[in-house]
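# Structural features, examined
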Amino acid sequence: MSQHAQKPIIIAGPCSAETEDQVMRTAAKIAGHSAVTAFRSGVWKPRSRPGNFEGAGDSALQWLQKVKKVYGLPTAVEVATPQHVEKALEAGVEYLWIGARTTSNPFSVQELTKALKGLEVKIMVKNPVNPDLSLWIGAIERIMKVTSAKVMAIHRGFYPYEQTPYRNIPKWEIPIELKTRMPEISIICDPSHISGNRALVPEVAQYALDLNFDGLMIETHINPEHALSDANQQLTPENLIKLLNNLQFRDQNVNGNVQNALESFRNQIDSIDSQILELLAQRMETTRKIGAFKRERNVAAFQLKRWKNIIRSRMETGYSLGLSKDFVRKMLQSLHKESIRIQSEIMKQQKDQEN
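### Regarding the sheet that holds strand β5 (residues 122-126)
One closed barrel holds the 8 strands; their spatial order is β1-β2-β3-β4-β5-β6-β7-β8, and the pairing between them is parallel. On average, adjacent strands in this sheet sit at an angle of 25° to one another, irrespective of strand direction. Examined bridge by bridge, strand β1 (residues 9-13) and strand β8 (residues 215-219) share 5 bridges and lie parallel to one another. Opposite glycine 13, over in β8, you have glutamate 219 as the bridge partner. Packed on one face of the sheet, helix α7 (residues 173-181) meets β6 (151-155) and β7 (186-189) and runs near 165° to β7.

Written out as structure tokens, the structure reads:
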């Protein structure tokens with residue numbers, strides 16, 4: 001592991017505490033790595049459908065107490081009710097996290113704040129199931145109102161409506177926007193739940209660190225193939241240690257020479273962005289002229305044949321210039337949406353004049 005100006009937060013442990021032996025053996029394997037900040041484990045695990053393993057419950061808290069006593073690792077558990085908070089605190093748990101389903105319900109978060117009021121433990125808020133930044137920020141704000149404790153965010157991805165390689169699509173722009181709006185909040189990435197597949201965990205973990213996330217929460221099980229929940233995404237302790245040793249932690253403190261070089265590149269970006277915006281303004285002005293032309297000749301705003309030709313030709317050109325097809329497609333769709341909006345407004349002006 002490379003040097004980093006500030007030690008990242010690394011929280012590792014099984015999805016669920018299944019047995020005392022499983023918890024202790026997992027903790028024994030990962031406790032010796034200096035990067036591990038805390039030991040995580042689900043205690044109460046209500047599933048989407050009944051009948052699946054729902055956690056060992058209150059008795060598992062005793063196993064986490066033993067982890068702390070034997071290996072000196074702080075512990076972390078998910079809490080979904082005020083009763084969970086009370087029992088976790090009685091067991092000496094230092095990190096409480098609020099799950100995605102709970103974050104998605106402001107009533108549940110508000111109920112939790114009654115038990116979190118005035119606490120000094122660390123509280124982590126996972127993003128809601130759906131990509132709703134306001135809902136995520138709202139949950140964080142509710143908690144920050146009632147406690148001076150350190151509040152952090154956990155990015156675990158969002159439920160996908162389409163088929164993707166990931167269990168939950170990352171939509172990295174959302175945690176980046178959260179950091180922009182709330183720079184004081186540390187953001188931890190949960191690559192296990194984003195990936196849903198242990199083979200993808202290293203790639204997602206490194207990408208999060210490249211984006212300057214403050215840490216990682218990684219599910220780790222002594223025998224993941226036989227785990228009672230989320231078996232496919234958990235790493236063995238050996239693979240966790242291998243991952244931690246191979247990760248590159250980016251230094252955010254740069255010296256004068258590096259800073260000067262970066263500023264030169266950024267100045268180039270600023271200049272290019274200004275030119276792009278000027279060209280976009282010219283494009284939209286031409287769009288307005290086309291809209292007026294179509295209005296005068298009673299031509300529909302949307303022309304399917306023209307749109308297909310734009311998609312085909314621009315994507316070929318963009319790809320030849322080294323741009324990804326997905327990026328070019330999304331850019332064209334945004335431009336086309338705005339062009340249609342402008343032309344529709346011009347058509348509407350004619351209709352209003354006639355009325």
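### A few points about unusual backbone geometry
Among all residues save glycine, negative phi is the norm, and among peptide bonds the norm is trans. Its identity is not glycine, yet lysine 171 carries a phi of approximately 45°, on the positive side. Tracing the backbone through its elements, the reader meets lysine 171 in the loop between β6 and α7. Phi is positive for asparagine 212, which is not a glycine, with a value near 70°. Mapped onto the fold, asparagine 212 is located in the loop between α9 (201-210) and β8.

### As for the layout of surface pockets
In this structure, the second largest pocket spans a volume of roughly 350 Å³. Lining the second largest pocket are 18 residues, with Arg283, Ile290, Arg306, Ile310 and Gln343 positioned closest to its centre. Only α11 (256-296), α12 (304-320) and α13 (325-354) provide two or more residues apiece to the lining of the second largest pocket. Looking at the lining of the second largest pocket, the element that brings in the most residues is α13, giving 6 residues. The residue inventory of the lining of the second largest pocket, partitioned by class, reads 8 nonpolar, 6 polar and 4 charged.

Conventions we followed
Residues numbered from 1 in each chain as written. Predicted model: local features only at pLDDT ≥ 70, side-chain atom pairs only at ≥ 80, totals over all residues. Heavy atoms only, no water. Pairing = 2+ DSSP bridges. Helix = DSSP H or I, 4+ residues; strand = E, 2+ residues; numbered from the N terminus. Axes fitted to C-alpha atoms, helices over the stretch in contact; angles between N-to-C directions. Contact = heavy atoms within 4.5 Å. 1 Å grid on protein atoms, 1.4 Å probe; cavity = no way out; pocket = protein on both sides within 12 Å on 5 of 7 lines; lining within 4 Å. Points joined across faces, edges and corners; volume = space filled by probe spheres on them. Nonpolar A, V, L, I, M, F, W, Y, C, P; charged D, E, K, R; others polar.

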